[in-house]
Amino acid sequence: MFRAAVFGYVGHMWELYAFWALAPTLVIAALSHPGSPTALATTSFLVIASGVLGCVAGGIISRRTGSAKVAATALAGSGLMCLIYPLLPEVGPLLIAALALWGLLVIADSPQFSELAARHAPAELTGTGLTAMNSLGFAVSVISIVILQSLIATIGVSAVWLLLPGPVLGLIAMRPLLIRRRAPRTDPDE
């Protein structure tokens, strides 16, 4: 289960920091006249800061449904945003709203992955396990940021499809966390 949490987190990290690094570029592309640098910075900040709502809501919901379901839902939602964002009509307010929704979803799973990894790590190795998980996640982030930044200039907004494998592979990796093991049924007549 620890491995499932770690690789789910790595999929999440493939997308997270690359999205944040790209947010100002996507805001500029969404707005035909981005206005002043202050307006651009404020809009980019709000896209990224919308994640606060996702983290708070995810924490509240996880108390009822569990961290794995919240993490999977957020990861699937942000993956869906990766998929559909380049296909949206070029209407500035719609694109900014989509970016804000993506900003909310892209981080909502992060605290849930930390909880899952801490819960499933061997007790004597929890600190080491979380350190290894974070190190691997940030290493993957560097790679996705570098690749995405080099592609956005040449192929445009469609470059965000490069982020999609992160959520997809993360969801596949965390599948064991979502499948509940059932106790074998005993037949009362036996």
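A brief structural summary.

### Brief notes about the overall build of the chain
1) Next: Check the secondary structure of the chain and you find 9 helices and 0 strands.
2) Next: Helices (α) and strands (β) of the chain occur, in sequence order from the N terminus, as α-α-α-α-α-α-α-α-α.
3) Next: A principal-axis box enclosing the C-alpha atoms of the chain has dimensions of 75 × 35 × 25 Å.
4) Next: For the chain, buried positions account for 39% of its 190 residues.
5) Next: In the chain, once contacts between residues fewer than 6 apart in sequence are set aside, the share between residues at least 24 apart is 81%.
6) Next: Carbon and sulfur atoms make up 69% of the accessible area of the chain, which totals about 10200 Å².
7) Next: When the 10 positive and 8 negative side-chain charges of the chain are each reduced to one mean point, those points stand 3 Å apart.

### Thoughts on helix α4 (residues 67–84)
1) Next: Taking 1.5 Å per residue, 18 residues should reach 26 Å; α4 reaches 26 Å between its end C-alpha atoms and fits that length.
2) Next: Along α4, the residues that are buried comprise S67, A68, V70, A71, A72, A74, L75, G77, S78, G79, M81 and C82.
3) Next: Tucked into the core, α4 has its buried residues touching α1 (2–30), α3 (51–65), α5 (92–108), α6 (110–120), α8 (165–173) and α9 (175–178).

### A word on the packing of aromatic side chains
1) Next: Counted according to the given criterion, the structure contains 5 aromatic pairs.
2) Next: Centroid distance Y17 to W20: 5.1 Å. Interplanar angle 80°. Geometry classified as edge-to-face. Taken together, the residues span about one helical turn, with Y17 and W20 both in helix α1 at a distance of 3 residues.
3) Next: Note on Y17: relative accessible area 28%, which makes it partly exposed.

### A word on α1
1) Next: When the terminal C-alpha atoms of α1 are compared, their 39 Å separation across 29 residues agrees well with the 42 Å that a helix rising 1.5 Å per residue should span.
2) Next: For α1, the principal kink sits at A23 and spans about 45°; a proline, P24, occurs within the next four residues.

Criteria and thresholds
- Residues numbered from 1 in each chain as written.
- Predicted model: local features only at pLDDT ≥ 70, side-chain atom pairs only at ≥ 80, totals over all residues.
- Heavy atoms only, no water.
- Helix = DSSP H or I, 4+ residues; strand = E, 2+ residues; numbered from the N terminus.
- Buried < 20%, exposed > 50% of the residue type's maximum accessible area, 1.4 Å probe, protein only.
- Contact = heavy atoms within 4.5 Å.
- Areas by Shrake-Rupley, 256 points an atom, 1.4 Å probe, with all protein chains shown as cover.
- Lys, Arg positive; Asp, Glu negative; His and termini not counted.
- Charge placed at Lys NZ, Arg CZ, Asp CG, Glu CD.
- Expected span 1.5 Å × (residues − 1).
- Phe/Tyr/Trp six-rings, centres within 6.5 Å; stacked < 30°, edge-to-face > 60°.
- Bend = angle between axes of the 7 residues up to and from the residue.

By themselves, these are just geometric observations and shouldn't be taken as functional.
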